[in-house]
Amino acid sequence: MAVVAGGDVPAVCTAFGIDPDDPVYVGDELPDEDVRLASVEPVTGGVVVVEDIGLEGSRREVLEVASRGGKAASVYWDVDGMVVLTLASRGKVAFAGEIDSLEDAAELEGLPRSLTRFVDLAIEDDADPVALGAAMVSSFTRVEFGPESVTEQWRGVRPVVDAVELVTPESSGLHREEPELLAALLAVPPEQRWDLTSLLTRHAAARASLAEDPVVAQALRSVGRPAAAEVRQLEQMESRASQVMDRAWRRQMEEDLDEVDVEDTSSAARAYWLAKVLRHACSHDEISAMLGVAEASQTVHMLEDLGDEYVEVLLEACRAEPARRADVLGQLGEPPSALDRERAAADRQQRGQDERAERSAHWEMLEWNGVRPTDRMREAGIGAHSLARVDPNLLVELDAMPDEALRELARWAAEQLLHLTGLLDRPWLAEHRASLGQLDLDDEERGQLLDGLSAAMDDDHGVPWSTYVDEEGHHVSQQHFALPVVVECSARHPLSAAAHSLSTAREALGPAAWVPFADLARRRMHGGGR
């Protein structure tokens, strides 16, 4: 939990890497362990941040930014009983230490005198170290808070990027992966190292097609001597790019997306790794800057499938005369312009859309039993879809018919089916015969009508019950499956009415009897036979 005195929510979100556009509502259940969440709540005098499964508020990089306008403090605790208090004022961390260590005088350096009164409480065995830390945070920032300071709306946390560590020959990844290149870099005379670092940095920016970006351009002008504001801008550039890639990865994992549906993050990846190149170039240590830039630049080139070529060319450039190094690096070819990349990205996006449309059409045809559905079929819904499953060719023929002909066919199919199953002349159905194909009922009314007819049929001892055996060996009641045609033939969509009436006939009559029934329906459709 952290408190930023005098802070406002947007600035605090930026300092902590909290995404204000990523709200997450958490009930009684804890979120997944890999989900980073934070609650941000404005209170009198400041802003309270409570993190669940996170420690951004204890990081020096975060509190230094958060406290630039005054004070910021945090208390962090974990399941192992460790409780850490961190205090920062005007952009600098003044104190960071464990609550349990406050009894050691050596650990009190930097602790404000106003908080020494809490030390005796820390020594007591029954003192709650978390509550004690919270009290010290409140006292230091002069901001009061309580349970009401935790909002029910949590937000996603994208950690602020780590500070760039000093790169040594031993810690460099080149030590393991490219020892020959590391030796060549270290052999570059000291007076040439900054020039080589600057050249590699400019080359990486050009390769990433970002040399014209204002933040990048400013960083390129100040290699080895950056202002603090420039470093922060590069950190934000890296953080934003990381968020884009992280969101795309999370969406891919959560939705189990195919490759064609995965968001294109190539531009974000170039920005992310170029930011690392530039941040290394900002180091005041010539060895660290040169090695860090060389290694991060390799990844920039790997994004273009030029990783191996980059190593070979850089080896040659290190051994070449300074005046020839730019020409040597030029062997890697002219990088695409920003406009070229935009066009390529647009082409990829269009290809992705085309592939998705083609795949969607393929799956839709499978759903419709090989028929490419027309808009009219889709509008007809389940009625048309049910006929596609049993006789897709018949559905295609129906789709070519005008509405009036479909209405007449639906009524004919219903009468024929009720006649074949011995239901057409039953007394309880007589009042509905004249309205076959003309009923205008909503779903509830349809259900009530069918329930009433089913009950009447079950009570009618004169029904000529008949069954057939389906493909799985089950006995199917023809009368029970035929009865729904009374309402299905009156569907508001003409194609749905005709298709559903015919598919109901298939279910009621069975596969063997359906063939002559369908042939008869086709002859009627084309003007022959009754």
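## Some remarks on the overall build of the protein
Assigned secondary structure in the protein consists of 24 helices and 10 strands. On C-alpha atoms alone, the protein measures out to a radius of gyration of 37 Å, which is more than a quarter above the 24 Å that the 2.2 N^0.38 rule sets for 530 residues. For the protein, the spread of C-alpha atoms along the principal axes amounts to about 105 × 70 × 40 Å. Considering only contacts within the protein whose residues lie at least 6 apart along the sequence, 64% involve residues at least 24 apart. In the form shown here, the protein has an accessible surface area of approximately 27700 Å², with 49% of it arising from carbon and sulfur atoms. If you average the places of the 50 positive and of the 99 negative side-chain charges in the protein, the two averages end up 7 Å apart.

## Overview of unusual backbone geometry
The phi angle at arginine 90 is positive, at roughly 50°, despite the residue not being glycine. Of the residues examined, arginine 90 reaches a relative accessible area of 63% and is grouped as exposed. We note that aspartate 305 has phi near 60°; this positive angle belongs to a residue other than glycine. The residue aspartate 305 is located in the loop between α11 (286-302) and α12 (307-319) in this model. Relative accessible area serves as the criterion here: at 67%, aspartate 305 is assigned to the exposed category.

## Overview of the environment of proline 189
Its location among the elements puts proline 189 in the loop between α6 (179-186) and α7 (190-207). C-alpha separation for the pair proline 189 and methionine 457, spaced 268 residues apart in sequence, amounts to 101 Å.

## Things to note about the packing of aromatic side chains
Enumeration over the complete set of coordinates arrives at three aromatic pairs. Seen from their ring centres, tyrosine 272 and tryptophan 273 are 5.4 Å apart, and the 85° between their planes marks the pair as edge-to-face. The buried category is assigned to tyrosine 272, whose relative accessible area is 17%. The exposure class of tryptophan 273 is partly exposed, given its relative accessible area of 27%. Relative to phenylalanine 517, the ring of tryptophan 514 has its centre 6.1 Å away and its plane inclined at 25°; by these criteria the two rings are stacked. With tryptophan 514 and phenylalanine 517 both in helix α24 (residues 511-525) and three residues apart, the pair spans about one turn of that helix. Given a relative accessible area of 5%, phenylalanine 517 falls into the buried group.

## What about the nonpolar core?
Ranked by size, the top nonpolar core spans 51 residues in total, and within it Leu395, Leu398, Leu423 and Leu502 carry the most contacts. Leave out the neighbours within four places in its chain, and leucine 423 touches Leu418, Trp428, Leu429, Met457, Val463, Gln479, Ala482 and Leu483. Core analysis: the second largest hydrophobic core is formed by 47 residues, Leu181, Val188, Val311 and Leu315 among them.

## Some details on the environment of serine 503
For serine 503, the position within the fold is in helix α23 (residues 494-509). Taking C-alpha positions, serine 503 is 11 Å from proline 392, a pair spaced 111 residues apart along the chain. In this structure serine 503 touches Ser386 and Leu387, once residues within four positions along its chain are discounted.

## A word on the confidence of the model for the protein
On average, residues of the protein carry a pLDDT of 87, and 91% of them reach 70 or more. Residue range residues 30-34 is modelled with pLDDT below 50. Its contacts to residues more than four positions away, or to other chains, number six contacts.

## Thoughts on the packing of α6 against α12
Direction vectors running N to C along α6 and α12 enclose 25°, while the axes themselves pass 9 Å from each other. Between α6 and α12, the crossing angle belongs to the class labelled roughly parallel. As for the relative orientation of α6 and α12, their crossing is left-handed in sense. In this structure, α6 uses Glu180, Leu181, Ala184 and Leu185 to contact α12, whose residues at the interface are Val311, Leu314, Leu315, Cys318 and Arg319. Across the contact of α6 with α12, the residue classes tally to seven nonpolar, no polar and two charged.

## Brief notes about the packing of helix α18 (residues 403-420) against α23
Relative to each other, α18 and α23 sit at 20°, their axes nearing to 8 Å. The orientation of α18 with respect to α23, classified from their angle, is roughly parallel. As for how α18 packs across α23, the hand of that crossing is left-handed. Each of Asp403, Leu406, Arg407, Leu409, Ala410, Ala413, Leu417 and Leu420 in α18 lies in contact with α23, whose residues at this interface are Pro494, Leu495, Ala497, Ala498, Ser501, Leu502, Thr504, Ala505, Ala508 and Leu509.

## As for the pattern of salt bridges
Under the counting rule described, the total for this entry stands at 18 salt bridges. A salt bridge links aspartate 391 to arginine 522, with the nearest nitrogen and oxygen atoms 3.3 Å apart. Taken together, the residues aspartate 391 in the loop between α16 (382-390) and α17 (392-399) and arginine 522 in helix α24 connect sequence positions 131 residues apart. Across this residue pair, the class does not change: aspartate 391 and arginine 522 are buried. Measuring nitrogen to oxygen at the nearest pair gives 2.8 Å for the salt bridge that ties aspartate 460 to arginine 426. Of the two residues, aspartate 460 sits in the loop between α20 (443-459) and β9 (467-469) while arginine 426 sits in the loop between α18 and α19 (427-433), which places them 34 residues apart along the sequence. If you follow the salt bridges from partner to partner, you end up with Glu238, Lys276 and Arg279 in one network.

## Digging into the pairing of strand β5 (residues 71-77)
As a general feature of sheets, a regular strand has side chains that alternate between the two faces. Burial of β5 is extensive: five of the seven residues sit out of reach of the surface. Here strand β1 (residues 2-5) runs beside β5; their pairing, made up of three bridges, is antiparallel. Of the residues in β5, the one forming a bridge with valine 3 is alanine 73. Of the pairings in the sheet, the one linking β5 to strand β6 (residues 83-89) comprises seven bridges and is antiparallel in character. Bridge pairing in β6 places lysine 71 opposite serine 89. Between the end of β5 and the start of β6, which pair antiparallel, lie five residues, with glycine 81 showing a positive phi angle near 90°.

Parameters at a glance
- Residues numbered from 1 in each chain as written.
- Predicted model: local features only at pLDDT ≥ 70, side-chain atom pairs only at ≥ 80, totals over all residues.
- Heavy atoms only, no water.
- Helix = DSSP H or I, 4+ residues; strand = E, 2+ residues; numbered from the N terminus.
- Rg over C-alpha atoms; globule rule 2.2 N^0.38 Å.
- Contact = heavy atoms within 4.5 Å.
- Areas by Shrake-Rupley, 256 points an atom, 1.4 Å probe, with all protein chains shown as cover.
- Lys, Arg positive; Asp, Glu negative; His and termini not counted.
- Charge placed at Lys NZ, Arg CZ, Asp CG, Glu CD.
- Buried < 20%, exposed > 50% of the residue type's maximum accessible area, 1.4 Å probe, protein only.
- Phe/Tyr/Trp six-rings, centres within 6.5 Å; stacked < 30°, edge-to-face > 60°.
- Core = buried A, V, L, I, M, F, W, Y, C linked by side-chain atoms within 4.5 Å.
- pLDDT = per-residue confidence, 0-100.
- Axes fitted to C-alpha atoms, helices over the stretch in contact; angles between N-to-C directions.
- Parallel < 35°, antiparallel > 145°, perpendicular 65-115°, else oblique.
- Left-handed = near helix turned anticlockwise from the far one by under 90°.
- Nonpolar A, V, L, I, M, F, W, Y, C, P; charged D, E, K, R; others polar.
- Salt bridge = Lys/Arg side-chain N within 4 Å of Asp/Glu carboxyl O.
- Pairing = 2+ DSSP bridges.

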